[in-house]
Amino acid sequence: MSDQTRDPRQAPPVRRIVLDEPPTMVPPTVAPQNGHSTEPSLGAAPAPGAVATPTFAPRQAPALRGAYQATERMRADQLSIAYGSKLAVKEVTLPVRQGEVLALIGPSGCGKTTLLRSLNRLVDLTESATRSGRILLDGEDVDLLDVTTLRRRVGMLFQQPNPFPMSIFDNVAYGLRARGSKRPRRRELEPVVIESLQRAGLLDEVKDNLNHPALALSGGQQQRLCIARSLAVRPEVLLLDEPCSALDPLSTAVIEETVTKLRGEVAIVIVTHNLQQAQRIADQVAFMYLGDLVEYGPAGQVFGAPAEERTRAYVSGSFG
Amino acid sequence: MSAAAPRAAEEGPAWKPLDKLAVVGAWVAGITLCLLAGSIVVYMAYRGIQYLQPELLTTHPVAGSDQSQTGGFLDPLLGTVILTILGTVIAAPVGIGVAVWLTEYGRPAGLARAVESGVEIVAGTPSIVLAIFGLLIFQQSFFGFLSFTAEGSAVFGRSFFAAGAMMSLIALPLIIGATRETLNAIPSTVREASYSLGKDRASTIRRILLPAARPGIATGITLGMGRIIGDTAIVVILLGASLQLQGVGNTPVIGDLRGTGSTMTSYVYNNSPAGEGNAPQKAYAAAFVLLLIVIALNFIVELIARRSGGGAARAATMKVGMTE
């Protein structure tokens, strides 16, 4: 903590992650707007033109984040999801690009997790859920793909670390062992397991205990093990559902750093309640509210100069 | 913690007389139960050790009017072991299968509810009813190969096979219950994590859920074994009530299983003053051995629950008990 006295109205400094460098503190991009913010107009129907077709403005190449060329891997196209008769996601169109971290933000119940879970068709497991519109993975409709193939290509990380009750090695190797076929030997799997643990930033801590039970690891380590487990099957897209909400700040920082590093190899979508986290790691931000995609754009723009009143109200902390 | 908290508790409102009475009653009830359980064990140990001799465990029982000439209870002991193994071997795969189906599939919902109430009905049926029902079934000539067929093709319907099949029904609800309990305790995100790695439901069950549920399954099986060991009605009706193991035909194992015999419970019953044997010393000795077996099983259940770190396995709080 800095010892200089800060204006209490000023938002706390934001920790920025720079690749291969220690985290640095920078002033926040958002000035609190207490007094200015207005309650979002809950009753008023949003103008259909303004909401349903978000403008995909070219990103304003932030100095810290121009490292990767962004290529589109997934796209939700006019996607609506309903639970029974309740619409959870309303006609959302949203690209997911490799080379960028896309953060989905919004208050609880706004449909961001539903949207995320639909991208690998996990939402299909919910009995009452129905879906319309299209989800494309590299231009292919995901409904035409075999669901197991889709889920190998679109991995997911959950809110609670959920390693399987087996050894660290077996956790990472689990996805590699295809069903039915001859089970590959440990020696054949080892390079991939080691590499995945390395990419998830866990290898140094566990390389001597690969046979220890995964459940003996700390929460942060477990979550990184889950990242390694997902990476082992070489996904093209990685979905993160509030991956740090159950973790302490230190583990959170390590996970965020890992995610930032992975951005060039895997397209990353992260759902987060933590606006500071979205500011730290996201390149693109999509703000959802009551199932609508209210605003989508580069992180700096959504946080710094939001186009929509509701976005401004949410990112300034007046509701959510 | 603030220092004020305990003081506040001390200065709390005075107890009402009725509350005081209820608390005293709860204490008395608990202590009485402890004393009761203790006195059962102590009394059986006193009687058992008095009459239990090592050769009783290794000699065959013989029919006789004098207690000193009726032999030991090797055959009932073997009968208990055989029947327990047979019942468990039938009940375990069926029980695990039903539990997995109920927790992981359970569609259509109506069928799942029907299966659930079926399990409850089986669990609630007195074992003597199961025994009579079993006799009805296994006396059909279709099942003649499972027991002794007399001249004139009357099927006896009583054998280790018949008793084991009905015993499996006694163990089944316990195995289903404990397995479901552990499967339900596995968070749904563990399943979703497996699906997210491109695994289908079958391999998720096989590779993740069943290994994780192993302590619960083991608990259920052990509890079921305890029920089988303790049951008397099925033995008396379906095992043929021959004191010694009496095989049918010359096939070694199958012949024995088609044959009749006795177990520790039926031995205790037959030799107690209530039965016809009237050899109470033998009955006490056998009852003591039976009690030791059941206590050992309870201990194993506790051990499994403790080793697996509590939660799911301990949720199966129902302990091994003797019925009838």
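Residues numbered from 1 in each chain as written. Chains lettered and ligands numbered in written order. Predicted model: local features only at pLDDT ≥ 70, side-chain atom pairs only at ≥ 80, totals over all residues.

S.K.: Can you tell me about the overall build of chain B, naming the residues and giving the values?
M.R.: Check the secondary structure of chain B and you find 14 helices and zero strands. Long-range pairs, those at least 24 residues apart, make up 70% of the contacts in chain B between residues at least 6 apart in sequence. (Helix = DSSP H or I, 4+ residues; strand = E, 2+ residues; numbered from the N terminus. Contact = placed C-beta atoms within 7 Å.)

S.K.: Please set out the overall build of chain A residue by residue, giving values where relevant.
M.R.: Within chain A, the regular secondary structure consists of eleven helices and twelve strands. For chain A, with 320 residues in total, the buried portion stands at 43%. The contacts in chain A between residues at least 6 apart in sequence include a share of 71% that link residues at least 24 apart. (Buried ≥ 20, exposed ≤ 12 C-beta atoms within 10 Å, placed from the backbone.)

S.K.: Mind laying out the packing of helix α6 (residues 160-185) of chain B against helix α9 (residues 214-230) of chain B, listing which residues take part and the relevant values?
M.R.: Residues and elements named next belong to chain B. Two elements in contact, α6 and α9, have axes separated by 8 Å at closest approach and are oriented at 155°. Taken together, α6 and α9 sit at an angle that is classed as roughly antiparallel. For α6 against α9, the interelement crossing comes out right-handed. For the pair α6 and α9, the contacting residues are Met167, Ile170, Ala171, Leu174, Ile175, Gly177, Ala178, Thr179, Glu181 and Thr182 in the first and Pro215, Gly216, Ile217, Thr219, Gly220, Ile221, Leu223, Gly224, Met225, Arg227 and Ile228 in the second. In the contact of α6 with α9, the residues fall into twelve nonpolar, seven polar and two charged. (Axes fitted to C-alpha atoms, helices over the stretch in contact; angles between N-to-C directions. Parallel < 35°, antiparallel > 145°, perpendicular 65-115°, else oblique. Left-handed = near helix turned anticlockwise from the far one by under 90°. Nonpolar A, V, L, I, M, F, W, Y, C, P; charged D, E, K, R; others polar.)

S.K.: Run through the environment of Ile194 of chain A, naming residues and quoting values.
M.R.: Within the fold, Ile194 of chain A resides in helix α5 (residues 186-199). As a C-alpha pair, Ile194 of chain A and Ala228 of chain A span 34 residues in sequence and 9.2 Å in three-dimensional space.

S.K.: Which residues make up the pairing of strand β11 (residues 284-289) of chain A, and what are the values?
M.R.: All names here are of chain A. Counting buried positions along β11 yields six of six residues, so the element is predominantly enclosed. In β11, alternate side chains face the same way, and those of Gln284, Ala286 and Met288 on one face and Val285, Phe287 and Tyr289 on the other are all buried. Here β11 folds back onto strand β12 (residues 292-298), and the loop between the two strands holds two residues, one of which, Leu290, carries a positive phi near 50°. (Pairing = 2+ DSSP bridges.)

S.K.: Please provide a residue-by-residue account of the pairing of strand β5 (residues 101-105) of chain A, values included.
M.R.: Residue and element names in this part refer to chain A. Counting buried positions along β5 gives five out of five residues, so the element sits mostly inside the fold. Along β5, one buried face is formed by Val101, Ala103 and Ile105 and the opposite face, lined by Leu102 and Leu104, is buried too. Sheet topology places β5 next to β11; four bridges connect them, and they run parallel. Bridge pairing in β11 links Ala103 to Val285.

S.K.: Provide a residue-level description of the interface of chain A and chain B, including the pertinent values.
M.R.: Contact with chain A, which involves 19 residues of that partner, is made by 16 residues of chain B. Per-element tally for the side of chain A that touches chain B: the top contributor is helix α3 (residues 147-153) of chain A, with four residues. Considering only residue class, the side of chain A that touches chain B consists of eight nonpolar, seven polar and four charged.

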